[in-house]
Amino acid sequence: MTTPRADEQDHGTPGRGALTQSAFLRAVRGEKPSHTPVWFMRQAGRALPEYLAVREGIGMLESCMDPDLVTEITLQPVRRYGVDAAIFFSDIVLPLKAVGVDLDIKPGVGPVVAQPVRTLADVEAIPDLTPEHVPFVTAAVRSLIAELAGIGEHGTPLIGFAGAPFTVASYLVEGGPSKDHARTKALMYGAPDVWDALMAKIADISAAFLEVQVAAGASAVQLFDSWAGALTPQDYERFVMPHSARVLARVGELGVPRIHFGVNSGFLLPLMGEAGADVVGVDWRTPLDWAIGQVGGRVVQGNLDPTLVFAPTEVLLERAAQVIEAGRAAPGHVFNLGHGVIPSTDPDQLARLTEFVQAYPLD
Ligand code: CP3
């Protein structure tokens, strides 16, 4: 199999190959797709028995550094559900691990950092990311692009991703998952110079991580600011938005569409759009029609409650239809859950949901 050179790859620019005509890239550009495109955040993972099988005895971060395994795991949900986009299998803390930060991802817990970052010296000790830190990412993206070109009518686009500075900072400062982000906010309010240095450092690392994925052939990117909903709009605007905007601006120079997502982010949606998003991801608590009014003519992605897979199928599909109908008011709509797939999800429910969304008449 030949892998296209970076400068020959299709990054979703109109007129450059079949992938640009895929429902996902058409919707993201605000053009009329043949059907509402659908993919699921965390579509790869523990809900799939084939994922549990290949991950057996291999740690999460170790898996992310094995290009063959990353390729296989990324393709699993594409094969099973026929979703309209693949999302690169990795993690928001992988780039930190790659530059040498001592951290691990503990099953059932999440990222755990050995020495939390609290001072300017701690920030300065974190190296910048170069492509040489993540050769396994380049290799995995290239092999995925080659495989995905043959799946679906126009090929299947790959979405690259990174963690946004606030969400990644929370893990670094807290040392692990946190409900209230108290230490993170204490640093933000109490030592704004250290805060800005930390956020600038993470912004550079996340932007470089996205650049590697796009250079290797990713068609779009998603910046995950999962925990931004813990902030007021004022604090978001002062302490977070400029740094996320820098990440999105750097990726914007590469000409790929940018999706920006946060959980519980209703009040932040206008700012998250203004930060430089082409597509704003909407969490499940936020009514989609209201969200569309907030984001100033941008394309939206979302936002079915991920727990609806546990409802009877007819209820699941009735609610999915409501999401699709609400999405019509936006210039483009990418169907997704309003947060990640819950590990105990029955994959057959997601298969039915995918089929339903793709068959739903748009005219
Ligand atoms: O969406 C996908 O299919 C791509 C893969 C992906 C993973 N993590 C794989 C993963 C993506 C996009 C992420 C991003 C990520 N990681 C976020 C932002 C998205 C979100 O959910 O809000 C966050 C906050 C993290 C940090 C993180 N990593 C958490 C909270 C966890 C869960 C811990 C647990 O075990 O419940 C992880 C681990 C992780 N990342 C898993 C997967 C599939 C589970 C690890 C396993 O299978 O053992």
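Scope of this entry: the structure provided in the associated data block. (Residues numbered from 1 in each chain as written. Predicted model: local features only at pLDDT ≥ 70, side-chain atom pairs only at ≥ 80, totals over all residues. Heavy atoms only, no water.)

This next bit is on the nonpolar core. Phe24, Leu172, Tyr236 and Leu353 are the most contacted members of the largest nonpolar core, which has 132 residues in total. Broken down by element, the residue count for this core peaks at 13 residues, all from helix α10 (residues 192-215). (Core = buried A, V, L, I, M, F, W, Y, C linked by side-chain atoms within 4.5 Å. Buried < 20%, exposed > 50% of the residue type's maximum accessible area, 1.4 Å probe, protein only. Helix = DSSP H or I, 4+ residues; strand = E, 2+ residues; numbered from the N terminus.)

Take the sheet that holds strand β9 (residues 333-337) next. Here we have 7 strands laid out as an open sheet, ordered β1-β4-β5-β6-β7-β8-β9, and parallel in their pairing. The open sheet is flanked by β1 (86-87) and β9, the only strands paired with a single partner. Taken together, the 5 bridges between strand β4 (residues 158-163) and strand β5 (residues 220-224) define a ladder with parallel strand orientation. Across the sheet, Gly163 pairs through a bridge with Phe224, a residue of β5. (Pairing = 2+ DSSP bridges.)

Here helix α15 (residues 347-359) contains 13 residues, and its C-alpha end-to-end distance of 18 Å stays within 8% of the 18 Å for a straight helix at 1.5 Å per residue. Buried residues of α15: Pro347, Gln349, Leu350, Leu353, Thr354 and Val357, and no others. Angularly, the buried residues of α15 cover 150° about the axis, an arc narrow enough to put them on a single face. Every exposed residue of α15 that faces more than 90 degrees away from the buried side is listed here: Glu355 and Ala359. Turning to α15, the residues buried within the fold contact α2 (49-55), α4 (67-81), β8 (299-304), α14 (313-327) and β9. Sitting at the amino-terminal end of α15 is Asp346, which places a side-chain oxygen 2.8 Å from the backbone nitrogen of Asp348. (Expected span 1.5 Å × (residues − 1). Arc of directions from axis to C-beta. Contact = heavy atoms within 4.5 Å. Polar contact = N/O pair within 3.5 Å; in protein donor to acceptor, adjacent residues only side chain to side chain.)

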